[in-house]
Amino acid sequence: MKIAVFIKQVPDTNDVKWTENNNIDRARMDSIINPVDKQAVEAALELKDNIGAYVCVISMGPDKAKSILKESIAMGCDDAVLLCSPKFAGSDTCATSRVLASFIKQKFSDVDLILFGQSAIDGETSQTGPSTAARLNLPCLSHVNKIESSNENTLKICTETEDTKCVYNAALPFVLCINNYIKPPRIPKINGYIKAHNYEIKSFNHTDLNLTDTQIGVKGSPTWVSKVFKIKEGRNGRIFEQSETEMFLEYVINTIEETVKINGK
Amino acid sequence: MENNNILIYTELTDEYGIKDVSLQLISKAFELKQKLNNSKIIACILGPDIDYSLIIRKLEELPVDDVIIASSSELSEYNYCYHPEVFTGIVKKYEPSIVLIGATVQGKEIASYCASKLETGLTADCTGLNITNEGCLLSTRPTFGGQLTADILCKTRPQMATVQENIFKIVPQPKHNVNIIYENIQTCCIENRLKKIFSEVKTSSSVDVTKADIIVAGGLGACKDNGFELIKKLAQKLNAAVAGSREAFEKGYITKSQQIGQTGKTVSPKIYIAIGISGANQHLTAIKNSGKIIAINKDVNAPIFEHSDIAIKGDLFEILPELINKIGN
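Within each chain, residues carry numbers counting from 1 in the order of the written sequence. Following the order in which they are written, the chains are lettered starting with A and the ligands numbered starting with 1. Under the rules for a predicted model, residues below a pLDDT of 70 receive no local features and side-chain atom pairs below 80 are neither given nor counted, while totals for whole chains, interfaces and linings still include all residues.

It is worth spelling out the overall build of chain A at this point. Labels follow the DSSP assignment, with helices taken as runs of H or I lasting at least four residues and strands as runs of E lasting at least two, numbered in each case from the N terminus. Scanning chain A from terminus to terminus reveals 6 helices and 13 strands. The principal-axis extents of the C-alpha atoms in chain A amount to approximately 65 × 40 × 40 Å. Three exposure classes are used, all based on how many other C-beta atoms lie within 10 Å of a residue's own C-beta (placed from the backbone): buried at 20 or more, exposed at 12 or fewer, and partly exposed between those limits. The buried share of chain A, reckoned over its 265 residues, is 47%. Contacts are defined on C-beta atoms placed from the backbone: any two residues whose C-beta positions lie within 7 Å are in contact. Sequence separation of 24 or more characterises 69% of the internal contacts of chain A that already satisfy a separation of 6 or more.

So this is what it looks like as structure tokens:
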């Protein structure tokens, strides 16, 4: 079985660093594998362990994204590909899915299974997986938390959303978006790191994928950001110091009592 | 003349009612329509072969002009191999200027598929929609992990957006007649290789956070030691719902249905108590309609302070036990 796993490098938004002026301090923040993408890598490697599979991990991003590809090689992936071109910069989901789909069509057309993380913590759009599946005319399942092999051409797929659990028998090839995968991602072993150190990442740019300027980057993206701002509609309520705990508690309890009174309880 | 029609994917519930998020989008579309010329509101329903009279009656009380119904046995249960293609076929045929879709599991898949096939722009999980002076859709959404908000425009047509539940309100209209159109669109793009062999609706035991008067919510700051035990104890005393930020969900302290934020629930309780929540933009947007916001946070630079009515810069592990004690009296 041939598996493609798409991963994205994201800033660690769980550990946001702020400047004194309340701005994001990007320079001090780490870049990591998008957490659910790492779960997708684990899902692929688990299939490799259980039934044997070739796992290729792919990331579209700047040269810096090689670090997350190396980490995936260290975890046990067989190959790693960087889709990298200055012309890719500024791609929205429409343009991004175009790049990813053309990689599959032109360089990996015999793929059996394509995995994505459900959403990226920096964008949270949940669109890239289903958008790429649409361009490849492949079926797609979201919120997959478990994959089991039934036989050579069929997988048993478990999905779980907020309110529903489902199990599917799905015939390859197809696309899956992984979320809350049941097994935590493995930690690379020493020989994994050695393999990753010596591994040379394959790189493709827009011409390698036969993509023109108007299909990618800012030019190929239908959406554009007209303005970015911090929300400023603050309430500017009363702020207490820890030394004023007593007074704070009094305010809180009064507020709660008023609400309870309104409710007639 | 080019139309400025707004088409809304009108998603059905398991009991063949209309999902709230779709009703909310129809109401919002009416507001957008006032700023557009030559604009109609079209509700598009995909579903099984059933009697749609109850659903149509409901839509007659909302500002809908046309209802498009595509019904077939294939469409009785959502499937990526059918619904997105049928919906895309309808959008292609009626060429609306704007397409709005609830950011549900199927809504997101349908929107992504449709935008890809039509090579158009899609803005996901919007927290605001407006019309510019030029008559374009302006979608607002949190970005960069919710730390910032972005206004997004689209160069192509249709302009597509998905929106979470409870961002907008349902505004009923006087009953009127709607124009019903039945569509029959065949699918051929994707061979259905997905066979559902089991499905179970999860029953939730926790209080519904969207309906609670008081919510006690924990963030990253509470994700250690007995932080969430204290939160649960406080909630119990206040008869409140327990909720949390995305970090609290990711670390397993709450379930997805308790997650507040852009990708979780949007809430408007009478009192929202934010404990150890720094106040990422995507969280603030989801709680901004709350009556009173009370915050406890150690990080003096946390944005939550600007957005609170009562707040304390202090250690939750010291302050919460005192608060729990006081309420007991």
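The subject of this paragraph is the interface of chain A and chain B. Facing 69 residues of chain A, the contacting portion of chain B comprises 78 residues. Broken down by element, the residue count for the side of chain A that touches chain B peaks at 9 residues, all from helix α6 (residues 245-262) of chain A. Paired strands are those between which DSSP finds at least two bridges. As paired elements, strand β9 (residues 164-171) of chain A and strand β11 (residues 194-201) of chain B share 7 bridges and run antiparallel to each other. Residue pairing across strands places Y168(A) opposite K196(B), the latter belonging to β11(B).

Right, let's get into helix α1 (residues 20-33) of chain B. All names here are of chain B. The first and last C-alpha atoms of α1 sit 20 Å apart over 14 residues, in line with the 20 Å expected at 1.5 Å per residue. Buried within α1 we find V21, S22, L23, Q24, L25, I26, K28, A29 and L32. Along its buried surface, α1 packs onto β1 (6-9), β2 (41-47), β4 (98-102), β6 (128-131) and β9 (159-163). By this rule the span expected of a helix is its residue count minus one, scaled by 1.5 Å.

Right, let's talk about the environment of E61(B) for a bit. All names here are of chain B. Relative to the helices and strands, E61 is located in the loop between α2 (53-60) and β3 (66-71). Remark: the alpha-carbon pair of E61 and L25, spanning 36 residues in sequence, is separated by 14 Å. If sequence neighbours within four positions are ignored, E61 has contacts with P172, Q173 and K175.

Turning to the sheet that holds β6(B), a few remarks are in order. Spatial strand order, β12(A)-β8(B)-β7(B)-β6(B): 4 strands in an open sheet with antiparallel pairing. Two strands lie at the open edges of the sheet, namely β12 (223-229) of chain A together with β6 of chain B, each paired on one side alone. Neighbour-to-neighbour, the strand axes of this sheet turn through a mean angle of 30 degrees, independent of strand direction. Inspection of the sheet shows β12(A) paired to strand β8 (residues 148-154) of chain B by 6 bridges, in the antiparallel sense. Paired with V228(A) across the strands is A150(B), a residue of β8(B). Helix axes are fitted only over the stretch in contact, all axes being lines through C-alpha atoms; the angle between N-to-C directions runs from 0 to 180 degrees.

Moving on: the sheet that holds β9(B). Residue and element names in this part refer to chain B. Taken in spatial order, the 7 strands of this open sheet run β5-β9-β4-β1-β2-β3-β10, and their pairing is parallel. A strand with exactly one partner marks an edge of an open sheet, and here the two such strands are β5 (122-126) and β10 (179-183). Strand-to-strand twist in this sheet, taken as the mean axis angle between neighbours without regard to direction, amounts to 20 degrees. Bridging between β2 and β3 involves 6 bridges; their strand directions are parallel. Following the sheet pairing, A43 is matched in β3 by V67.

Okay, the domain arrangement of chain B next. Think of interface size as the accessible area that goes away when the parts come together; that is how it is often given. Residue and element names in this part refer to chain B. Domain boundaries shown here were taken from an automatic or database domain assignment. Here chain B is partitioned into domain 1 (6-183) and domain 2 (214-328). Measuring from the centre of the C-alpha atoms in domain 1 to the corresponding centre in domain 2 gives 32 Å. The interface of domain 1 with domain 2 comprises 12 residues on the first partner and 9 residues on the second. Residue composition of the side of domain 1 that touches domain 2, by class: 3 nonpolar, 7 polar and 2 charged. Gly falls in the polar group here, along with every residue not listed as nonpolar (Ala, Val, Leu, Ile, Met, Phe, Trp, Tyr, Cys, Pro) or charged (Asp, Glu, Lys, Arg).

Turning our attention to the pairing of strand β5 (residues 79-83) of chain A. Residue and element names in this part refer to chain A. Burial analysis of β5 places 4 of its 5 residues in the buried class, the great majority of the element. Here 5 bridges tie strand β4 (residues 54-60) to β5, and the two strands are oriented parallel to one another. For C56, the partnering residue across the bridge sits in β5 and is D79. Note on the crossover from β4 through helix α2 (residues 66-75) to β5: the handedness is right-handed. The sheet contact formed by β5 and strand β11 (residues 202-204) spans 3 bridges and is parallel. By the bridge assignment, L83 is partnered in β11 with F204. A right-handed crossover is one whose linking path, passing over the helix from the first strand to the second, runs clockwise when the strands point away from the viewer.

Turning our eyes to something else, we now look at helix α5 (residues 227-238) of chain B. If you check α5(B), its first and last C-alpha atoms are 17 Å apart, about what 12 residues at 1.5 Å a residue would give, namely 16 Å. Downstream of α5(B) by a residue or two, N239(B) has a phi angle that is positive, lying close to 55 degrees.

A word on the nonpolar core. For this entry, the nonpolar core is defined as buried Ala, Val, Leu, Ile, Met, Phe, Trp, Tyr and Cys residues connected by C-beta atoms within 7 Å. In this structure, V5(A) and L115(A) are the most contacted members of the largest nonpolar core, which totals 125 residues. Those residues in contact with V5(A), other than ones at most four positions away along the chain, are A40(A), V41(A), A44(A), V55(A), V57(A) and L115(A). Core analysis: the second largest hydrophobic core is formed by 52 residues, F248(A), I231(B), L234(B) and A241(B) among them.

For the rest of this paragraph, the subject is the pairing of β6(B). Remember that side chains alternate between the two faces of the sheet whenever the strand is regular. Residues and elements named next belong to chain B. When β6 meets strand β7 (residues 137-143), the two strands line up antiparallel, connected through 4 bridges. Within β7, the position partnered with N130 by the bridge is L138. The turn joining β6 and β7, which pair antiparallel and follow one another in sequence, is formed by 5 residues; a positive phi near 85 degrees is taken by G135.

In this model, L172(A) is joined to P173(A) through a cis peptide bond whose omega is 0 degrees. Backbone torsion omega between R157(B) and P158(B) reads -5 degrees, so that peptide bond is classified as cis. Within the element layout of this structure, P158(B) appears in the loop between β8 and β9. Positive phi, normally seen in glycine, also occurs at E95(B), with a value near 45 degrees. Within the secondary structure, E95(B) sits in the loop between α3 (83-94) and β4. With 13 C-beta atoms packed within 10 Å, E95(B) lands in the partly exposed category. One non-glycine residue, D125(B), adopts positive backbone phi at about 50 degrees. Inspection of the secondary structure assignment puts D125(B) in strand β5.

This part is about the domain arrangement of chain A. The domains assigned to chain A are domain 1 (2-215) and domain 2 (235-265). Measuring from the centre of the C-alpha atoms in domain 1 of chain A to the corresponding centre in domain 2 of chain A gives 47 Å.

What follows deals with the packing of α3(B) against helix α4 (residues 105-117) of chain B. Residues and elements named next belong to chain B. Where α3 meets α4, the axes come as close as 9 Å, and the angle between the chain directions of the two elements is 50 degrees. Overall, the two elements α3 and α4 adopt an arrangement that is oblique. Here the hand of the crossing between α3 and α4 comes out right-handed. For the pair α3 and α4, the contacting residues are H83, P84, F87, T88 and V91 in the first and Q106, E109, I110, Y113, C114 and K117 in the second. When the residues that make up the contact of α3 with α4 are grouped by side-chain class, the tally is 6 nonpolar, 3 polar and 2 charged. Just so you know how the angles are binned, under 35 degrees is roughly parallel, over 145 roughly antiparallel, 65 to 115 roughly perpendicular, and the rest oblique. Crossings are assigned a handedness: left-handed for a near helix turned anticlockwise from the far helix by less than a right angle, right-handed for a clockwise turn.

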